[in-house]
Protein chains: 2
Amino acid sequence: MSIGPMGIARRATISDVAREAGTGKTSVSRYLNGETNVLSSDLRARIEAAIKRLDYRPNQMARGLKRGRNRLVGLLVADITNPYTVGVLRGVEAACHALGLMPLVCNAANEVEMERRYLQLMTTYRVEGVIVNALGVEEETLRPVGEGGTPAVLVDRSIEGLSADMVGLDNGEAVAMGMRHLLEQGFDDIRFAVQPYESVSSRRLREAAFRAALEQAHALRGAGAEPLRGETMVLDLSDAEAVARTHEAVDRHLQEAGGRRVAYFAANGPVALSLALHLHARYGSRWQERVALMSIDDSEWAELIGVTAIRQPTYAIGYRAVEFLHERIEGGVEPAREAMLAGELVVRRSTAWREED
Amino acid sequence: MSIGPMGIARRATISDVAREAGTGKTSVSRYLNGETNVLSSDLRARIEAAIKRLDYRPNQMARGLKRGRNRLVGLLVADITNPYTVGVLRGVEAACHALGLMPLVCNAANEVEMERRYLQLMTTYRVEGVIVNALGVEEETLRPVGEGGTPAVLVDRSIEGLSADMVGLDNGEAVAMGMRHLLEQGFDDIRFAVQPYESVSSRRLREAAFRAALEQAHALRGAGAEPLRGETMVLDLSDAEAVARTHEAVDRHLQEAGGRRVAYFAANGPVALSLALHLHARYGSRWQERVALMSIDDSEWAELIGVTAIRQPTYAIGYRAVEFLHERIEGGVEPAREAMLAGELVVRRSTAWREED
DNA sequence: TTGTAAGCGTTATCAC
DNA sequence: GTGATAACGCTTACAA
């Protein structure tokens, strides 16, 4: 690092290195890009020394400007506060690292407006591609990006009218697996709790799978069997009053159930947490004697209080998303693909335990 | 967006806009930079229209190259998996947004080697400053960066020999507050659980504050009083075997304590979680009848099972860090500052509840 | 094997 | 008011 006027440090440039090594920029550039076979070992050594002496680091921005690729990929997430997101992020980072990419992480904090802004900001930095796990980006926001523009890969949720690679949980199988478990355990009163699901594909699929499983179970039981109760319950976490109302509905449900232990199947981690917090606040630390909670998304607290979960392969999802994106960046032109990764059922006390225990 | 050869989309450049608007690049640049007073309203309108028509977005990289500042700031975190980190991240993002900066988030996943690599990578992208919450970066890695080089702000922990702005929890007061509470509640057997603390300033300060509080309490009690037991217990989360050994030590401690309820004061969230998981696995869901857990760092699960916590103002910490950094970026030259933000005690059942309840 | 020169998309300098 | 033109730090023909 050299010192410029006024004692302010200035980073060395490729020209500085060339001068220091007594050569031209071209050779230095060649050295940097590993075209080592075209360089005499003498020159190579001089360049190497000069670089070390000046503590030179090539400027990625300038490099990107010239080459048209700066190795930046954008990662837009709806909510970094959600452990699911963090898991995906870890996978994304690992894959980026392995592929020589640099992730630019943006958290929209559940604000649709933020999502749009960040997406714009990213294109401004000329990211080579984007990975999107968003709440409400619309097809039009991504369109210029999706077709011939910046490649995009969707995570967890597809966007209506946009055909892009997408990777996420195999929702249908995950919910079916959960329901199979619940029914095997003999639960006959099951509520499926989910955030408003019209506009988010993964939620929609999960809810549909829940109803499908329910109907199938009905059919199997036949006429004479004991009735099977099942219902979808919408929990809008973005609206405190709506949450309160839904919590009250839960209370009424438990009241009706009398002493009978009912099951709640949460469509994701945040929903499960909201439910658990309410139940704990309302019925004390022994609330699990009244309701069996089960959730898509595993978490620290699920293990801590013994709640059954369907663990999502978040790391793999993030990793795969980057792999997809990388292929597109390198010019892949296959039609849009979909990777649906399997969830893993982690059975804990909440559902293993029957009333008679 | 215009279409280049082979149908491949190419983003419009400033030259395209100039041509489309029938003017020169200079005027377009002026328009972009808000030097609107120097432009005739006619020209201004034409440029505006051209920009809209071409969906033009200035290239930040090129801009940065020319201006020498690209509005990128690096955020290096030790572990994105830690909720503390996520809290800080949110504050950082909000502040960056407010100040027109773009955070480049790097997660070192608890690997010291990664930290070094990412720090290098960031300088390669010519970030204007860095915010560092790292495990083991050494002073030398940051030195060129800290002095006259890229400004740096430290979060949660200082680095030996490096004088840089730093922001974090007021550790002394936080621990003192926690100890005051524990003693008031009548606990007389208190273990302070902390990760290896020699090399991480915040841990060291917390441990020291624990011992100080203990001694003070001893002094206050005088000779005739019942004995007060207190001990520091190191829990090395990076080493599974060490963790197991420490967990066993916990078991022995509980055994010795007989039926008496003892207190565990965890120096941070991950430590508290490790303890809670062990206790739950070992003593079942009613483990809190044997030990009162309290922790620096609040979390979802702490509320869910009623564990007392000292909440860190993570959002404010992140926000403040960016403010500090911004001042440096703008050329501030004050000596290194330190912001110690106050924690908040959140009392829950774990400590409010006495044995006789 | 090495170097010269043009150009990536901006902004800054200086003329008109 | 406006617009050439020269950088910024790099890569890449093209020459030598």
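- As recorded in an unreviewed UniProt entry, chain A goes by the name LacI family transcriptional regulator, listed as coming from Trinickia dabaoshanensis.

Some thoughts on the overall build of chain A
Thinking step 1. Along its length, chain A carries 14 helices and 14 strands.
Thinking step 2. Relative to a compact globule of 357 residues, whose C-alpha radius of gyration would be 21 Å, chain A shows 27 Å and is clearly more extended.
Thinking step 3. Dimensions of chain A, computed from the C-alpha atoms along their principal axes, are close to 90 × 45 × 35 Å.
Thinking step 4. The 357 residues of chain A split such that 54% are buried.
Thinking step 5. Considering only intrachain contacts with a sequence separation of at least 6, the fraction spanning at least 24 residues in chain A is 66%.

Structural notes on the protein's contact with DNA strand D
Thinking step 1. As a matter of local geometry, DNA strand D sits amid 25 residues, with A:Ile14, A:Lys25, B:Thr23, B:Thr26 and B:Arg30 nearest to it.
Thinking step 2. Protein-adjacent atoms of DNA strand D, using a 4 Å cutoff, are sugar or phosphate at a proportion of 55%.
Thinking step 3. A:Ile14 places a polar main-chain atom, nitrogen or oxygen, 2.3 Å from a phosphate oxygen of DNA strand D.
Thinking step 4. B:Arg30 is positioned with one of its side-chain polar atoms (N or O) 2.4 Å from a base oxygen of DNA strand D.
Thinking step 5. Looking at the surface near DNA strand D, the elements that each hand over two or more residues are helix H2 (25-32) and helix H4 (60-67) of chain A together with helix H2 (25-32) and helix H4 (60-67) of chain B.
Thinking step 6. Looking at side-chain class alone, the surface near DNA strand D contains 8 nonpolar, 10 polar and 7 charged residues.

Things to note about the UniProt feature "domain: HTH lacI-type" (unreviewed entry) in chain A
Thinking step 1. In the numbering used here, UniProt assigns the feature "domain: HTH lacI-type" (unreviewed entry) to residues 12-67 of chain A.
Thinking step 2. Helix makes up 68% of residues 12-67 of chain A and strand 0%, whereas the separation of the span's terminal C-alpha atoms amounts to 20 Å.

Here we look at the protein's contact with DNA strand C
Thinking step 1. Not every one of the 27 residues close to DNA strand C is listed here, only the nearest: A:Thr23, A:Thr26, A:Arg30, A:Ser40 and A:Lys66.
Thinking step 2. Sugar plus phosphate: this is where 54% of the atoms of DNA strand C within 4 Å of the protein reside.
Thinking step 3. B:Thr26 places a side-chain nitrogen or oxygen 3.4 Å from a base nitrogen of DNA strand C.
Thinking step 4. Between DNA strand C and B:Arg63, the relevant distance is 3.4 Å, taken from a phosphate oxygen to a side-chain nitrogen or oxygen of the residue.
Thinking step 5. Those elements that provide at least two residues to the surface near DNA strand C are H2 and H4 of chain A together with H2 and H4 of chain B.

Observations regarding the relation of the copies chain B and chain A
Put simply, the two copies of the chain differ by a rotation about an axis and a shift along that axis.
Thinking step 1. With an RMSD of 0.1 Å, the operation that places chain B on chain A is a rotation of 180° combined with a shift of 0.0 Å along the axis. The relationship between the two copies is best expressed as a two-fold rotation axis.
Thinking step 2. Same-surface contact between copies: 100% of interface residues of chain B are shared with the interface of chain A.

Looking at the environment of A:Leu65
Thinking step 1. Along the polypeptide, A:Leu65 turns up in helix H4.
Thinking step 2. For the pair A:Leu65 and A:Arg126, spaced 61 residues apart in sequence, the C-alpha separation works out to 9.4 Å.
Thinking step 3. For A:Leu65, the residues in contact, after removing those within four places along its chain, are B:Asn59, B:Ala62 and B:Leu65.

Re the sheet that holds strand E5 (residues 129-133) of chain A
All names here are of chain A.
Thinking step 1. Taken in spatial order, the 6 strands of this open sheet run E4-E3-E5-E6-E7-E13, and their pairing is parallel. Whereas interior strands pair on both sides, the edge strands pair on one side only; in this sheet they are strand E4 (102-107) and strand E13 (338-341). The average undirected angle you get between the axes of adjacent strands in this sheet is 15°.
Thinking step 2. Alignment of strand E3 (residues 72-77) against E5, held across 5 bridges, turns out to be parallel. Bridging from a neighbouring strand, Val-73 pairs with Gly-129 of E5.
Thinking step 3. Across the sheet, helix H6 (residues 112-124) lies against E3, E4 and E5, angled at about 180° from E3, the strand it touches most.

Here we look at the interface of chain B and chain A
Thinking step 1. In this assembly, 51 residues from chain B lie in contact with 52 residues from chain A.
Thinking step 2. Approximately 5,100 Å² of surface area, both sides summed, lies buried where chain B meets chain A, with 62% of it carried by carbon and sulfur atoms.
Thinking step 3. Scanning the region where chain B abuts chain A turns up 0 salt bridges.
Thinking step 4. For the pair chain B and chain A, the number of links is 15 residue pairs in polar contact (both at pLDDT 80 or more).
Thinking step 5. Among the elements of the structure, H4, helix H5 (83-99), strand E4 (102-107), helix H6 (112-124), helix H11 (269-283) and helix H12 (300-305) of chain B are those that each provide at least two residues to the side of chain B that touches chain A.

So, the environment of A:Ala174
All names here are of chain A.
Thinking step 1. Within the secondary structure, Ala-174 is located in helix H8 (residues 171-184).
Thinking step 2. By relative accessible area, Ala-174 is classed as buried at 1%.
Thinking step 3. When the C-alpha positions of Ala-174 and Asp-189 are compared, they lie 19 Å apart, and in sequence the two are 15 residues distant.
Thinking step 4. Those residues in contact with Ala-174 that lie beyond four places of it in its chain are Leu-169 and Ile-310.

Quick notes on the sheet that holds strand E5 (residues 129-133) of chain B
Two strands in a sheet stick together by hydrogen bonds in their backbones, pointing the same way (parallel) or opposite ways (antiparallel).
Residue and element names in this part refer to chain B.
Thinking step 1. Taken in spatial order, the 6 strands make up an open sheet running E4-E3-E5-E6-E7-E13, and their pairing is parallel. Unpaired on one side and paired on the other, E4 and strand E13 (338-341) mark the two borders of the sheet. Mean inter-strand twist for the sheet, computed between neighbouring axes without regard to direction, equals 15°.
Thinking step 2. Sheet analysis places strand E7 (residues 165-169) next to E13, joined by 4 bridges and oriented parallel. Looking across to E13, one finds that Val-167 is bridged to Ala-339.

Notes on the side chain of B:His280
Thinking step 1. Its location among the elements puts B:His280 in helix H11.
Thinking step 2. A distance of 3.2 Å separates a polar atom in the side chain of B:His280 from the backbone oxygen of A:Leu304.

Digging into the environment of A:Tyr319
Residue and element names in this part refer to chain A.
Thinking step 1. Residue position: Tyr-319 is located in helix H13 (residues 314-329).
Thinking step 2. For the pair Tyr-319 and Val-92, spaced 227 residues apart in the sequence, the C-alpha separation amounts to 5.0 Å.
Thinking step 3. When sequence neighbours within four positions are dropped, the list of residues in contact with Tyr-319 reads Gly-91, Val-92, Ala-94, Ala-95 and Ala-98.

Some remarks on the pairing of strand E9 (residues 229-234) of chain B
Residues and elements named next belong to chain B.
Thinking step 1. Pairing of strand E8 (residues 189-194) with E9 involves 6 bridges; the strand directions are parallel. Bridging across to E9, Phe-192 finds its partner in Thr-232.
Thinking step 2. One crossover worth recording links E8 to the parallel E9 by way of helix H9 (residues 201-221), and it is right-handed.

A look at helix H11 (residues 269-283) of chain A
Thinking step 1. Between its terminal C-alpha atoms H11(A) stretches 21 Å, which fits the 21 Å expected from 15 residues at 1.5 Å a residue.
Thinking step 2. Here H11(A) has its buried residues at A:Gly269, A:Val271, A:Ala272, A:Leu273, A:Ser274, A:Leu275, A:Ala276, A:His278, A:Leu279 and A:His280.
Thinking step 3. Along its buried surface, H11(A) packs onto strand E8 (189-194), helix H10 (240-257), strand E10 (262-266), strand E11 (291-296) and helix H12 (300-305) of chain A together with H12 of chain B.
Thinking step 4. Capping the start of H11(A), A:Asn268 holds a side-chain oxygen 3.1 Å from the backbone nitrogen of A:Val271, two or three residues further along.

Concerning helix H3 (residues 41-54) of chain A
All names here are of chain A.
Thinking step 1. With 14 residues, H3 should reach 20 Å at 1.5 Å per residue; the first-to-last C-alpha distance of 20 Å fits that figure.
Thinking step 2. For H3, the full list of buried residues reads Leu-43, Ile-47, Ala-50, Ile-51 and Leu-54. Along the axis of H3, the buried positions cluster into a sector of 100°, meaning they face one direction only. More than 90 degrees from the buried face of H3, the exposed residues found are Ser-41, Lys-52 and Arg-53.

Calculation criteria
- Once a new chain begins, its residue numbering starts again from 1 and follows that chain's sequence as written.
- Chain labels run from A onward and ligand labels from 1 onward, assigned in the order the entries are written.
- Owing to the predicted nature of the model, reporting of local features is limited to residues with pLDDT of at least 70; listing and counting of side-chain atom pairs is limited to 80 or more, with chain, interface and lining totals taken over all residues.
- Hydrogens and water molecules were not included; the side-chain quantities draw on all heavy atoms of the structure.
- Numbering of helices and strands starts at the N terminus; helices are DSSP runs of H or I of at least 4 residues and strands are runs of E of at least 2.
- With C-alpha atoms as the basis for the radius of gyration, the globule rule is written as 2.2 Å multiplied by the number of residues raised to the power 0.38.
- Under the scheme applied here, a residue whose accessible area is under 20% of the maximum for its type counts as buried, over 50% as exposed, and between as partly exposed, the area being computed with a 1.4 Å probe on protein chains only.
- Only heavy atoms matter for contacts: two residues are in contact if any of them lie within 4.5 Å across the pair.
- Being near a molecule or strand, for a residue, comes down to having at least one heavy atom within 4 Å of it.
- Under the rule applied, a polar contact is a pair of N or O atoms within 3.5 Å (in protein, one hydrogen donor and one hydrogen acceptor; residues adjacent in sequence only if both atoms are side-chain atoms).
- Residues are grouped as follows: Ala, Val, Leu, Ile, Met, Phe, Trp, Tyr, Cys and Pro are nonpolar; Asp, Glu, Lys and Arg are charged; all remaining types, including Gly, are polar.
- UniProt positions are given in the numbering used here, feature names are shortened, and annotations may be inferred rather than shown by experiment.
- To superpose the copies, least squares is applied to the C-alpha atoms of every residue with a pLDDT of at least 70 in both.
- For two strands to count as paired, DSSP must find a minimum of two bridges between them.
- Under this scheme, a helix contributes an axis fitted over its contacting stretch, all axes are lines through C-alpha atoms, and angles between N-to-C directions fall in the 0 to 180 degree range.
- In this description, buried area is defined as the sum, over both parts, of the accessible area (probe of 1.4 Å) that is lost when the two are combined.
- Salt bridge, as used here: a side-chain nitrogen of Lys or Arg that lies within 4 Å of a carboxyl oxygen of Asp or Glu.
- Crossover handedness is defined here as right-handed if the route from the first strand over the helix to the second strand goes clockwise, with the strands pointing away from the viewer.
- In this scheme, a helix's expected span is set at 1.5 Å multiplied by one less than its residue total.
- By definition, the arc is the one covered by directions from the helix axis to the C-beta atoms.

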